[in-house]
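Fold and contact review
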Amino acid sequence: MNKAESARLGSYLEQQGYQAVAIAEEADLVVLNSCVVRQSAENRVIGRLEALKSLKKQRPQLTLAVTGCLVNSKVDRLKERFPYVDYFFKPGGYPPGMEKPAAPEMVLPQHPLSTALVPIIQGCNHFCSYCIVPYRRGRERSRPVEEIVSEVKELVRRGVKEVILLGQNVDSYGHDLPGSPDLAMLLYRLNTIDGLSRLRFLTNHPQEMSSRLTEAVASLDKVCEEMNLAVQSGSNDILKLMRRGYTVEDYRRLVVEIRHRIPGVALSTDVIVGFPSETEAQFQQTVDLLSDIGFDVVHVAAYSPRPGTIAARRFKDDVPLAEKKARLSRIEQLQKAIATEINSRHLGRTVEVLVEGRKKGRWWGRTRTNKLVFFDGSDDYRGQLIRVNIDKASPWALQGKVEN
Ligand code: SF4
C-alpha cells in the first residue's frame, strides 16, 4: 500500500512541476512515506528523520514532509518531537497547500511498468490485537467501482498489463458502498477490459473470504491463481488472543475448498512467532500447520508490541527475543525445504511469464502463480508475456529458456 501511495504521490508531484532526484541532498522537497507496522520499521523511520534533521539544518529552504502510518491523530505530538518537519499529512493524502487532484487519473504514472498497484479499499475494521493498522489508517473505506474501472482502463491505455488490487482486507471491499458490491463483482467487471492480461489482489482475511470470490478466481481468465491468506498462528488459543475470528479448523477447511475449486493455486501466508504466552507446544502447532498445508511462500515475523494496540495494553511480551529468533529461523528453514519441493515441480515445464525488467544482466518476470523467473535473451522482452521452459529451480526463483 505504501509503495502504491508513494508512486501516486511521486506522479502527482511531477505533474505539479517537480522532478525526481536520486538523493535527498539534491532535493527541494523530501516526502518521507512511513511504515510503522513493526517496531523495526518505525525505528528506521525515526533514524531517517534524524538524518534529515541535519540536512534541514544545512539547507533551511528544504521542505520536509512526513506521511504514512506514523501520522496518527496526535499530529501535535509529532510536531513537538520533530519540529524541523514542515508538514505531516495523512496516509494517501496530499501535502498541505496542494490541491487534491480533480480526477484519479491525475495521479497515475505517465510511463508505468507492466504492473500497476491499485488501492481499492483503505483501512480495516478488524482490530486484531497485535495490529496498529486500524488505529493509523482508520476504518474501511472502499473506492467506488466505476472509479476503479476507469482507472484500470486508463492504466491499460498507458501500457499496463497486470493490475494488483490492494487493501488491508480486500474481502471487505464494497460493503460500505451503495448496493454493496464485492470483490468478486469487481473482478468480473475488470476482467472484461481489453488489453489487460492479469489481475491479482492482496490481502485476504480467512474469516471473510467468500465462495463467490473463489468461484470468480476459478472462472475468470485474467485473474491469476494466487492468494495470500494470512493464518498468523496454528494454535487456536493464540488465534483467540490475536482476535483473528477463525479457528485452525476453519482455516484448513478454507484451504481445502480453495484448492478444490482452483487447481494449481499458489498460496502464501503470514505468520507471527513469539506472540505473548506462546508456548513451545503452541509454536509446534504452527509448524505442523505449515508442514501440512505446504504454502508457496510464508512471510514470518517475530512479534513486537505496538504501543496502543490491544496486545500491547493487555499482554506481557514474555517470549524472550532469542526464543523468538529461534522460532523464526525454524520456520524459515522449514519453508525453504517446502518451497524447494514445490518449485522443483516446475522443472521441464513451460510457464507463462510477464516480463518486468532486467536484473544483473538477466530478464526477470513472474508466472501467473507469482513465481519469480529469470532467463537470458537479447531481445527487449519488457512488458511482454512470453513462454519460458524451466530448467532450474531454487526455493526463491525459477530459471529457464525462452520457448521459440
Ligand atoms: S485484518 Fe489485517 S490489517 Fe486488519 S487488524 Fe487484522 S492484521 Fe491488521
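Note that this is a predicted model, so its numbers are computed, not measured.

Reading guide: rules and limits
Position labels on residues start from 1 in each chain and follow its written sequence. In keeping with the predicted nature of the model, local features appear solely for residues at pLDDT of at least 70, side-chain atom pairs appear and are counted solely at 80 or more, and the whole-chain, interface and lining totals rest on all residues. Segmentation of the chain into domains, including their bounds, is taken from an automatic or database domain assignment. Our contact criterion uses C-beta atoms placed from the backbone: two residues qualify when those atoms are within 7 Å. Only runs of H or I of at least four residues qualify as helices and only runs of E of at least two qualify as strands under DSSP, and these elements are numbered from the N terminus. Under the convention adopted here, Pro, Cys and the residues Ala, Val, Leu, Ile, Met, Phe, Trp and Tyr are nonpolar, Asp, Glu, Lys and Arg are charged, and Gly plus all remaining residues are polar. Pairing between two strands is assigned when DSSP locates at least 2 bridges connecting them. An axis is simply a line fitted to the C-alpha atoms; with a helix, the fit covers only the stretch in contact. Between two such axes, the angle follows the N-to-C directions and lies from 0 to 180 degrees. Oblique is the label for any angle not under 35 degrees, not over 145, and not in the 65 to 115 range, which are roughly parallel, roughly antiparallel and roughly perpendicular in turn. Each helix crossing is assigned a hand: it is left-handed if the near helix lies turned anticlockwise from the far helix by less than a right angle, otherwise right-handed if that turn is clockwise. Put simply, a residue is buried when 20 or more other C-beta atoms lie within 10 Å of its own C-beta and exposed when 12 or fewer do; between those, it is partly exposed, and each C-beta is set from the backbone. Viewed with both strands pointing away, a crossover whose connecting path from the first strand over the helix to the second turns clockwise is right-handed. Think of the arc as the fan of directions from the helix axis to the C-beta atoms.

1. Quick word on the domain arrangement of the protein chain
Domains assigned within the protein chain are domain 1 (2-88), domain 2 (104-344) and domain 3 (350-402). Spacing between the C-alpha centres of domain 2 and domain 3 amounts to 25 Å. Each side of the interface is counted separately: domain 2 has 18 residues, and domain 3 has 12 residues. Ranked by residues supplied to the side of domain 2 that touches domain 3, first place goes to helix α12 (residues 321-344) with 5 residues. A class-by-class count of the residues in the side of domain 2 that touches domain 3 yields 4 nonpolar, 7 polar and 7 charged.

2. Thoughts on the pairing of strand β15 (residues 398-402)
Summarising the sheet, strand β13 (residues 372-375) and β15 pair through 3 bridges and their orientation is parallel. Looking across to β15, one finds that Phe-375 is bridged to Gly-400. Sheet analysis places strand β14 (residues 385-393) next to β15, joined by 5 bridges and oriented antiparallel. Bridge pairing in β15 places Ile-390 opposite Gly-400. Between the end of β14 and the start of β15, which pair antiparallel, lie 4 residues.

3. Brief notes about the packing of helix α10 (residues 280-293) against α12
For any two helices packed against each other, the geometry is given by the interaxial angle and the distance between the axes. Where α10 meets α12, the closest approach of the two axes is 11 Å, and the angle between their N-to-C directions is 15 degrees. With respect to α12, the element α10 is oriented roughly parallel. Relative to α12, the crossing made by α10 is right-handed. Across the interface between the two elements, Phe-283, Val-287, Leu-290 and Ser-291 of α10 pack against Arg-327, Arg-330, Ile-331, Leu-334 and Gln-335 of α12. For the contact of α10 with α12, the residue count by class is 5 nonpolar, 2 polar and 2 charged.

4. Here we look at the pairing of strand β7 (residues 198-202)
The buried fraction of β7 is high, at 4 of 5 residues. Judged from the 5 bridges that link them, strand β6 (residues 162-167) and β7 form a sheet pairing that is parallel. In the sheet register, Val-163 faces β7, and the bridge partner there is Leu-199. Handedness of the crossover is the feature at issue here: the chain leaves β6, passes through helix α6 (residues 183-190), returns alongside β7, and the resulting connection is right-handed.

5. Regarding the sheet that holds strand β1 (residues 29-34)
Taken in spatial order, the 3 strands make up an open sheet running β1-β2-β3, and their pairing is parallel. Because the sheet does not close on itself, it has two edges, and the strands there are β1 and β3 (87-88). Relative to strand β2 (residues 63-68), β1 runs parallel, the two sharing 6 bridges. Each bridged residue has a counterpart across the sheet, and for Leu-32 the counterpart in β2 is Val-66.

6. Some points on the sheet that holds strand β5 (residues 141-142)
An order of β5-β4-β6-β7 is seen for the 4 strands of this open sheet, with the pairing classed as mixed. Each edge of the sheet is formed by a strand with only one pairing partner; in this case those strands are β5 and β7. The strands touched by helix α5 (residues 145-157) within the sheet are β4 (115-122) and β6, with β4 carrying the most contacts at an inclination of about 170 degrees.

7. Topic: α6
Within α6, the full set of buried residues consists of Leu-183, Ala-184, Leu-186, Leu-187 and Leu-190. What you see down the axis of α6 is that its buried residues fit within an arc of 160 degrees, all on one side. Turning to α6, the residues buried within the fold contact β4, α5, β7 and α7 (211-219).

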